[in-house]
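The chain contents come next:
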Amino acid sequence: MTSEQQLFDETPLRRFEYDDTVVLAADVGPAADASVDVVDGTVIVVADGHQHEQEIPAGDARAFMNHGVLTIELSEEEGDN
């Protein structure tokens, strides 16, 4: 596993690389009305009436929020091995 940090909007975004998966994680705060979606290679977070976007590398992506922590899991596409 390797780890590095970048920014999601102005929030620190940690990147963890595993053999076949990359996990991005950011503490975006305890917004009660937060939602996340992945659309055409972009993660879109809507929280407290503000929209934040982050482009992600090509591949199979899944994003979810739990207690104010945004997690994005990126897996290699079939045939990328």
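Once a new chain begins, its residue numbering starts again from 1 and follows that chain's sequence as written. Totals for whole chains, interfaces and linings use all residues, but because this is a predicted model, local features are given only for residues with pLDDT of at least 70 and pairs of side-chain atoms are given and counted only at 80 or more. Processing note: side-chain calculations cover all non-hydrogen atoms of the structure and skip hydrogens and water entirely.

Where an unreviewed UniProt entry is consulted, the protein chain appears under the name Hsp20/alpha crystallin family protein, with the organism given as Haloarcula vallismortis ATCC 29715.

A.B. asks: Got a minute to help me understand the nonpolar core in this structure?
C.D. replies: Within soluble globular proteins, side chains that are nonpolar tend to cluster in buried spots. Definition used in this section: a nonpolar core is a set of buried Ala, Val, Leu, Ile, Met, Phe, Trp, Tyr and Cys residues joined via side-chain atoms within 4.5 Å. Each residue is assigned to one of three classes by its accessible area relative to the maximum for its type, calculated with a 1.4 Å probe on protein chains only: buried under 20%, partly exposed between the two thresholds, exposed over 50%. Of all hydrophobic cores here, the largest spans 11 residues; its members are Leu13, Val22, Leu24, Ala26, Val43, Val45, Ile56, Ala63, Leu70, Ile72 and Leu74. Comment: elements are numbered from the N terminus, with helices defined as DSSP H or I runs of at least four residues and strands as E runs of at least two. For this core, the secondary-structure elements that each account for two or more residues are β3 (21-27), β5 (42-47) and β8 (69-75). Once you skip the residues sitting within four places of it in the chain, Ile56 turns out to touch Leu24, Val38, Gly41, Thr42, Val43, Ala61 and Leu74. Contacts between residues were defined by any pair of non-hydrogen atoms, one from each residue, lying within 4.5 Å.

A.B. asks: Hey, could you run me through the pattern of salt bridges in this one?
C.D. replies: Side-chain pairs of opposite charge can arise where the charged atoms are in close proximity. Between Lys or Arg on one side and Asp or Glu on the other, a salt bridge is scored when a side-chain nitrogen of the former is within 4 Å of a carboxyl oxygen of the latter. Scanning the model with the defined rule gives two salt bridges in all. With a shortest N-O distance of 3.1 Å, Glu73 and Arg62 are connected by a salt bridge. On the criterion of sequence distance, the pair formed by Glu73 in strand β8 and Arg62 in strand β7 (residues 60-66) is long-range, its members being 11 residues apart. Glu73 gets classed as partly exposed once you look at its relative accessible area, which sits at 25%.

A.B. asks: Where do I start with the side chain of Arg15 in this structure?
C.D. replies: Note that Arg15 resides in strand β2 (residues 11-17). On the accessibility criterion, Arg15 (18% relative accessible area) is buried. At 2.9 Å, the side chain of Arg15 and the side chain of Glu17 are in polar contact. Counting of polar contacts relies on pairs of N or O atoms within 3.5 Å, with two restrictions inside protein: one atom must be capable of donating a hydrogen and the other of accepting it, and residues adjacent in sequence are counted only when both atoms are side-chain atoms.

A.B. asks: Looking at this model, I keep getting lost on the environment of Val43. Mind explaining?
C.D. replies: Summarising the element assignment, Val43 is placed in strand β5. When the C-alpha positions of Val43 and Gln54 are compared, they lie 5.2 Å apart, and in sequence the two are 11 residues distant.

A.B. asks: Could you clarify how one ought to interpret the sheet that holds strand β6 (residues 50-55) in this entry?
C.D. replies: Strands pair in a sheet through their backbones, by hydrogen bonds, and they do so in one of two ways: parallel or antiparallel. Here we have three strands laid out as an open sheet, ordered β4-β5-β6, and antiparallel in their pairing. Bordering the open sheet on either side are β4 (35-39) and β6, each of which pairs with just one other strand. Ignoring which end each strand starts from, the neighbouring axes of this sheet average 20° apart. Across six bridges, β5 lies against β6 in antiparallel orientation. Across the sheet, Val43 pairs through a bridge with Gln54, a residue of β6. At least two bridges found by DSSP between two strands is the condition for calling them paired. For helices, the fitted line uses only the C-alpha atoms of the stretch in contact; every axis is such a line through C-alpha atoms, and the angle between N-to-C directions lies from 0 to 180 degrees.

A.B. asks: Just to check I follow, could you spell out the environment of Val69 for this structure?
C.D. replies: On the secondary structure map, Val69 appears in strand β8. Along the backbone, Val69 and Gly29 are 40 residues apart, and their C-alpha atoms lie at a distance of 7.0 Å. Excluding its chain neighbours within four sequence positions, the residues that come into contact with Val69 are Ala26, Asp27 and Phe64.

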